[in-house]
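Here is how the chains run, residue by residue.
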Amino acid sequence: MTDSDKTLLQQIREKEQELAQRVDRARVESEEAVDAAKAEAEDLICTADKAGKVTAEQVYWKERGRTETEIEELKRTAELERETTSLQGERNVPAAVERIVRYVTRE
């Protein structure tokens with residue numbers, strides 16, 4: 001039967017079926033595209049999460065090293081100040097002893 005032999009109703013019915021098949025294919029393709037996009041998004045999130053953890057760890061160790069260096073520098077500075085103060089105190093001992101002796105003996 002050719003198209004001209006079919007009734008108008010049959011032609012409309014065939015066209016509806018053809019369009020329904022196209023819609024079904026488009027729906028399946030859309031669902032597949034959405035699923036692929038979701039999988040890609042999950043992969044990107046995992047990759048970003050791993051990269052973030054690596055970067056955070058690098059920052060942590062860098063800052064920890066810098067902090068330890070600062071602590072060591074503060075300890076060296078404190079030790080130098082202690083030594084300087086101790087030397088100044090030792091130099092002042094004879095004068096302090098003399099003043100104390102004079103005060104006690106009331107000279």
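Above: the structure in question.
Each chain carries its own residue numbering, running from 1 in the direction its sequence is written. Only residues with pLDDT of 70 or above have their local features reported here, since the model is predicted, and side-chain atom pairs are shown and tallied only from 80 upward, although totals for entire chains, interfaces and linings are computed over all residues. Where side-chain values are given, they derive from all heavy atoms of the structure, hydrogens and water being excluded.

What follows concerns the overall build of the protein chain. Helix and strand definitions here come from DSSP, where helices need a minimum of 4 consecutive H or I residues and strands a minimum of 2 consecutive E residues; each element is numbered from the N-terminal end. Across its full length, the protein chain carries one helix and zero strands. Here the globule rule reads 2.2 Å times residues to the power 0.38, and the radius of gyration is calculated from C-alpha atoms. For 107 residues, the compact-globule estimate of 2.2 N^0.38 gives 13 Å, and the protein chain exceeds it by more than 25% at 45 Å. With the C-alpha coordinates aligned to their principal axes, the bounding extent of the protein chain is approximately 145 × 20 × 15 Å. Considering the protein chain as a whole, with its 107 residues, one finds that 1% of them fall into the buried category. With an accessible surface of roughly 10,000 Å², the protein chain has 58% of that area assigned to carbon and sulfur atoms. All tallies of charge rest on Lys and Arg as positive and Asp and Glu as negative; His and the ends of each chain are not included. The atoms used to mark charge sites are NZ of Lys, CZ of Arg, CG of Asp and CD of Glu. In the protein chain, 19 positive and 26 negative side-chain charges are present, and the distance between their average locations comes to 7 Å. The cut-offs for exposure are 20% and 50% of the maximum accessible area for each residue type, with area from a 1.4 Å probe on protein chains only; residues under the lower value are buried, those over the upper are exposed, and the others partly exposed. In short, Shrake-Rupley with a 1.4 Å probe defines the accessible areas, and a residue's cover is counted only from the protein chains shown.

Let us now look at the pattern of salt bridges. Should a side-chain nitrogen of Lys or Arg be within 4 Å of a carboxyl oxygen of Asp or Glu, the pair is scored as a salt bridge. Tallied over the full model, the rule gives 14 salt bridges. Residues joined by salt bridges that share partners form a network here, namely K15, E18 and R22.

Here we come to the packing of aromatic side chains. Two aromatic rings, drawn from Phe, Tyr or Trp (for Trp, its six-membered ring), form a pair once their centres lie within 6.5 Å of each other, and the interplanar angle then sorts them: stacked below 30 degrees, edge-to-face above 60, tilted otherwise. Here the structure, examined in full by the defined rule, presents one aromatic pair. Judged by centre distance (5.0 Å) and plane angle (80°), the ring pair of Y60 and W61 falls under edge-to-face. Of note, R106 hangs over the ring of Y103, and the distance from its end group to the ring centre comes to 5.9 Å. Either the NZ atom of lysine or the CZ atom of arginine qualifies as a charge over a ring when it sits within 6 Å of the ring centre and within 35 degrees of the ring normal.

Tracing the sequence through the fold places R13 in helix α1 (residues 8–105). Distance in space between the C-alpha atoms of R13 and E73 is 88 Å, their sequence separation being 60 residues. Within polar-contact distance, the side chain of R13 engages the side chain of E16 at 3.0 Å. Residues adjacent in sequence count toward polar contacts only when both atoms are side-chain atoms; beyond that, a polar contact is any pair of N or O atoms within 3.5 Å, and within protein one must be able to donate a hydrogen and the other to accept it.

To continue, consider the side chain of K6. Structurally, K6 is set in the segment before α1. In terms of polar contacts, K6 uses its side chain to reach the side chain of E14, at 2.5 Å.

When the terminal C-alpha atoms of α1 are compared, their 138 Å separation across 98 residues agrees well with the 146 Å that a helix rising 1.5 Å per residue should span. Fitting axes to the seven residues that end at a residue and to the seven that start at it, the angle between those axes gives the bend at that residue. Of all the bends in α1, the greatest, near 40°, is centred on V93, and the proline P94 appears no more than four residues after it. R106 sits one or two positions beyond α1 and adopts a positive phi of about 60°. What a helix should span is 1.5 Å times the count of its residues minus one.

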